[in-house]
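Given next are the chains, with one letter for each unit.
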Amino acid sequence: MKKVLVTGGTGYIGSHTAVELLQNGYEVEIVDNLFNSKITVVDQIEKITGKRPVFHQVDLLDATQLDQIVANGHFDSVIHFAGLKAVGESVEKPLDYYRNNITGTVNLLESMKKNGVNEFIFSSSATVYGVQDSPEYIETMTTGANISSPYGRTKCFIEEIVKDYSVANPEFKAVLLRYFNPIGAHPSGLIGEDPNGIPNNLMPIIMRVMDGRIAKLQIYGDDYPTEDGTCRRDYIHVVDLAKGHMAALEHMQAGTQIFNLGSGKPSSVKEMIAAFEKASGEALPCEVGPRRAGDLPEFWANPSKAERELGWRTVLTIDDAMRDTINYLNKVKEN
Ligand code: NAD
Ligand code: UD1
């Protein structure tokens, strides 16, 4: 069975993917500097799967330590989640984002090169599409124009770096996964999204309204040209997303493949609030505020390539995601 190095594996999406990998018989090692996650996630992964992944608290910017891990690990594949992801912060600290995300990735690829590891999956984002003529994003669209943040540009630049490297190394097999909006938690309630600092994304903010740390949700504008006036996004349950990585791992081939991971079905902010209220049985305090700069009215994935070539599609709904998020929050409160 394959052995996989998961960078950022104690983070939100990485931990769910580590669980899927372990449950499907893969051997897993994690490298994470714990900047945005907690060491206790390793215990939770073990509770869910009955297997404890080897954990290395190492920063990808420390090329020497990273080399040692890759040299000793004899990995077949690397799934690369580690990165900074706060869009607003990236505008204020662009150099931190370029150094961490891009230098970290180059260090990782160099280490893989030295040690003959040739399978690589990267966490990219729908943000690379920038602004398009159509809100349904498909992999054949040109990327890189009108990207709204340095964070988004790191994703775009890394995609190009990976493509260039796979041209130079014909044995290299790369998959760039463009995630849409990941939400939800593991149904066990043992892992979920637990960001440090002040969250910016919709679900973490809803979670903080639920636990009382934020008084009410601000709906960023209800005058968009959508049916109910609020923005629409393609929300994807994190367990479906994790399974998308498994599917990609099973279909690696020489060169760079690119896939959207989304449901193809957008939901509005008001629909998300209604789904949360249905799952919790409680009203969510909210008010309509001004638009947020840089928000697009709507976009969603065309997920047909992943379905056709990977045999993967989403099966969980926003209702499932709300139920699992609430279960996770209740478990966190109990402990
Ligand atoms: P996360 O912050 O929960 O996980 C990222 C992990 O990487 C964290 O545990 C952090 O400590 C670690 N990390 C960061 N820099 C590191 C470094 N230099 N060395 C070692 N570890 C480092 O984020 P997530 O939501 O799980 O996202 C995972 C990946 O998916 C990121 O690359 C992110 O940009 C991408 N992505 C996320 C979303 C989303 O909405 N969550 C959407 C699209 C793409
Ligand atoms: C944001 C980022 C995007 C990034 C993505 C996932 C911006 C402009 N875009 O996208 O680059 O890839 O997160 O990390 O930051 N909303 C509210 N009130 C809130 C928070 C959000 O109404 O308090 C609305 C937003 O207007 C949006 C929707 O909820 O319509 C989802 O927001 P969010 O979770 O931030 O995701 P994106 O806007 O898709």
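Look a little higher up for the structure.
Conventions we followed
Residues numbered from 1 in each chain as written. Chains lettered and ligands numbered in written order. Predicted model: local features only at pLDDT ≥ 70, side-chain atom pairs only at ≥ 80, totals over all residues. Heavy atoms only, no water. Near = heavy atom within 4 Å. Polar contact = N/O pair within 3.5 Å; in protein donor to acceptor, adjacent residues only side chain to side chain. Areas by Shrake-Rupley, 256 points an atom, 1.4 Å probe, with all protein chains shown as cover. Helix = DSSP H or I, 4+ residues; strand = E, 2+ residues; numbered from the N terminus. Buried < 20%, exposed > 50% of the residue type's maximum accessible area, 1.4 Å probe, protein only. Contact = heavy atoms within 4.5 Å. Phe/Tyr/Trp six-rings, centres within 6.5 Å; stacked < 30°, edge-to-face > 60°. Lys NZ or Arg CZ within 6 Å of the ring centre and 35° of its normal. Pairing = 2+ DSSP bridges.

**Comments concerning the site of ligand 2**
- Looking at ligand 2, there are 19 residues lining it, with Leu202, Gln218, Arg233, Arg292 and Asp295 nearest.
- Ser125 is positioned such that a nitrogen or oxygen atom in its side chain is 3.4 Å from an oxygen atom of ligand 2.
- At 2.9 Å from an oxygen atom of ligand 2 is found a main-chain nitrogen or oxygen belonging to Tyr220.
- For ligand 2, whose accessible area on its own is 740 Å², the fraction buried by protein is 89%.

**A closer look at the side chain of Glu193**
- Looking at where Glu193 falls in the secondary structure, it is placed in the loop between β8 (181-183) and α7 (202-210).
- When its relative accessible area of 10% is taken as the criterion, Glu193 is described as buried.
- Polar side-chain contacts of Glu193 include one of 3.3 Å to the side chain of Lys85.
- When residues no more than four places from it in sequence are discounted, the contact partners of Glu193 are Tyr12, Lys85, Pro204, Met207 and Tyr328.

**Quick word on the packing of aromatic side chains**
- The full count for this structure, using the stated rule, is seven aromatic pairs.
- Among the aromatic residues, those joined into a cluster by ring pairs are Tyr129, Tyr137, Phe180 and Phe299.
- The residue whose ring lies beneath Lys3 is Phe75, and the NZ or CZ to ring-centre distance is 5.3 Å.

**A closer look at the pairing of strand β9 (residues 217-220)**
- Of the two faces of β9, the one lined by Leu217 and Ile219 is fully buried and the one lined by Gln218 and Tyr220 carries no buried residue.
- Note that β9 and strand β14 (residues 286-289) share four bridges and pair parallel. When the bridges of β14 are listed, Leu217 appears paired with Cys286.

Read these as geometric descriptors, not functional statements.
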